[in-house]
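Okay, here's what each chain looks like letter by letter:
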Amino acid sequence: MNQRGASRRATSRSTSLRPGAKLRAKIVLVGDGGVGKTALRRSWLGEGFKTEYLMTIGADFASQELSLYYPETKSTYDIKFQIWDLAGQPRFKAVRDLYYRGAIGALCFFDITNQESYMNLVEWIQSYWALNGHGKMPLLIVGSKCDLRDNPAFPTQVSARYGKEYAAELTKLLKRKYGFEVHYMETSAKDNINVDEAFKVLAREIIRATIFQEKLRNNRKTSQKKMLTDKIRSR
Ligand SMILES: Nc1nc2c(ncn2[C@@H]2O[C@H](COP(=O)(O)OP(=O)(O)OP(=O)(O)O)[C@@H](O)[C@H]2O)c(=O)[nH]1
Ligand SMILES: [Mg+2]
C-alpha cells in the first residue's frame, strides 16, 4: 500500500455518531511479528487459516462493516472498519509508523506462548497513542493463539491474569478522562475463538468514547453560552 493511500484514508473520520449514520473507523492491528494479527484479520473476513508464516510487509488493508446495538443509548450503530494490519517485524518500523495517523481504535496483540511479545505490548500502545493524531484512543488487548493454552509443547505461557490486570490498570487510568474501558480477550484464529467478539468489543468502546467526547463538547458549549449570557445580563 502506498503512502498516499494511507494518509488519504487516515483522514476519513466521522466525528458525530448518529443512529442510522455510518461511523467510519480506522483501526490498526499492532504487536510483535508473528503474534497472529493477519491470521485474526483473515479469520474475521472469512478468508481461512494458514499454518505457514508469511510476514506482512509494511501494512495490509481490509474493510468490514458491522452493526452494533449499544444498550446505553438503546440504539444500533453501523460501523465501517478500515483495518490497517501493520507489519510487526522491527525492520518495518519507519514505514509502519506512517499508518497510525487517524486511527481511532487498535487491537494490541501479544501471543500467549511468547512472553517477549507481552513485554513489548507497552511500546505498541505508546506508538499507537503517540502517532494517531488523536491521543489516547480505545484499544483492546488481545492474547492470541489461545488454542495453544496449556499445550506442553509451549511450556512458557503468559497467564490470563497478566492480560486482565494490564487491561484493568489501563481502564483505571483512562475511563474518567477518556470515557472508555480497556478489555482483555484471548483469541484463536485457528479455532475461531473470540474473533467476532474482539472486533465487537473494540467497536463498543469506540462508540462509548465517541459518545463521551460528544457529551464533553456539548457541555463545554453550554457552559460557554451560559457564561456569555451571564456577562451580557450583568452589564
Ligand atoms: N496455533 C495458532 N497459530 C496461529 C494463530 N494465529 C496465527 N498463528 C500462526 O502464527 C504465525 C504468524 O501469524 P501471522 O498472522 O502471520 O502473524 P502477524 O502478527 O501478522 O505477523 P507480522 O505480519 O510479521 O507482523 C503463522 O504461522 C500462523 O499460522 C492461532 O490462533 N493459533
Ligand atoms: Mg501480518
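Residues numbered from 1 in each chain as written. Chains lettered and ligands numbered in written order. Predicted model: local features only at pLDDT ≥ 70, side-chain atom pairs only at ≥ 80, totals over all residues.

A. Highlighting the overall build of the chain. Each helix and strand counted, the chain has 7 helices and 6 strands in total. Listing each helix as α and each strand as β along the chain from the N terminus yields α-β-α-β-β-α-β-α-α-β-α-β-α. Reported as C-alpha extents along the three principal axes, the dimensions of the chain are approximately 80 × 40 × 30 Å. The buried share of the chain, reckoned over its 235 residues, is 37%. Long-range pairs, those at least 24 residues apart, make up 72% of the contacts in the chain with a sequence separation of at least 6. (Helix = DSSP H or I, 4+ residues; strand = E, 2+ residues; numbered from the N terminus. Buried ≥ 20, exposed ≤ 12 C-beta atoms within 10 Å, placed from the backbone. Contact = placed C-beta atoms within 7 Å.)

B. Fine view of the sheet that holds strand β2 (residues 59–70). Pairing is mixed across the open sheet formed by 6 strands, whose spatial order is β2-β3-β1-β4-β5-β6. Unpaired on one side and paired on the other, β2 and β6 (183–186) mark the two borders of the sheet. Taking the axes of each pair of neighbouring strands and ignoring which way they run, one obtains an average angle of 25 degrees across the sheet. Taken together, the 4 bridges between strand β5 (residues 139–144) and β6 define a ladder with parallel strand orientation. Looking at β6, one finds that Leu140 is bridged to His183. Against the sheet, helix α5 (residues 121–131) touches β1 (22–30), β4 (105–111) and β5, its axis set at about 165 degrees to β4. Helix α7 (residues 195–234) rests against β1, β2, β3 (75–86), β4, β5 and β6 of the sheet, and its axis sits at about 70 degrees to β2. (Pairing = 2+ DSSP bridges. Axes fitted to C-alpha atoms, helices over the stretch in contact; angles between N-to-C directions.)

C. Region of interest: the environment of Leu40. Residue placement: Leu40 occurs in helix α2 (residues 37–44). By C-beta crowding, Leu40 is classed as buried, having 27 other C-beta atoms within 10 Å. Each C-alpha atom of the pair Leu40 and Thr187 lies 8.2 Å from the other, and the pair is 147 residues apart in sequence. In contact with Leu40, other than residues within four places in its own chain, are Ser144, Thr187, Ala189 and Val195.

D. The arrangement of the nonpolar core in detail. Among the nonpolar cores identified, the biggest contains 55 residues, and Val28, Leu107 and Cys108 are the most heavily contacted of them. Looking at this core, the elements with two or more residues in it are β1, α2, β3, β4, α5, β5, α6 (160–178) and α7. The element contributing the most residues to this core is α7, with 9 residues. (Core = buried A, V, L, I, M, F, W, Y, C linked by C-beta atoms within 7 Å.)

E. How the structure looks around the site of ligand 1. In the neighbourhood of ligand 1, 23 residues make up the surrounding shell, with Gly36, Thr38, Ala39, Thr56 and Gly88 lying closest. Of the residues forming the shell around ligand 1, the biggest block, 3 residues, is contributed by α2. A per-class count over the shell around ligand 1 returns 7 nonpolar, 10 polar and 6 charged. (Near = placed C-beta within 6 Å. Nonpolar A, V, L, I, M, F, W, Y, C, P; charged D, E, K, R; others polar.)

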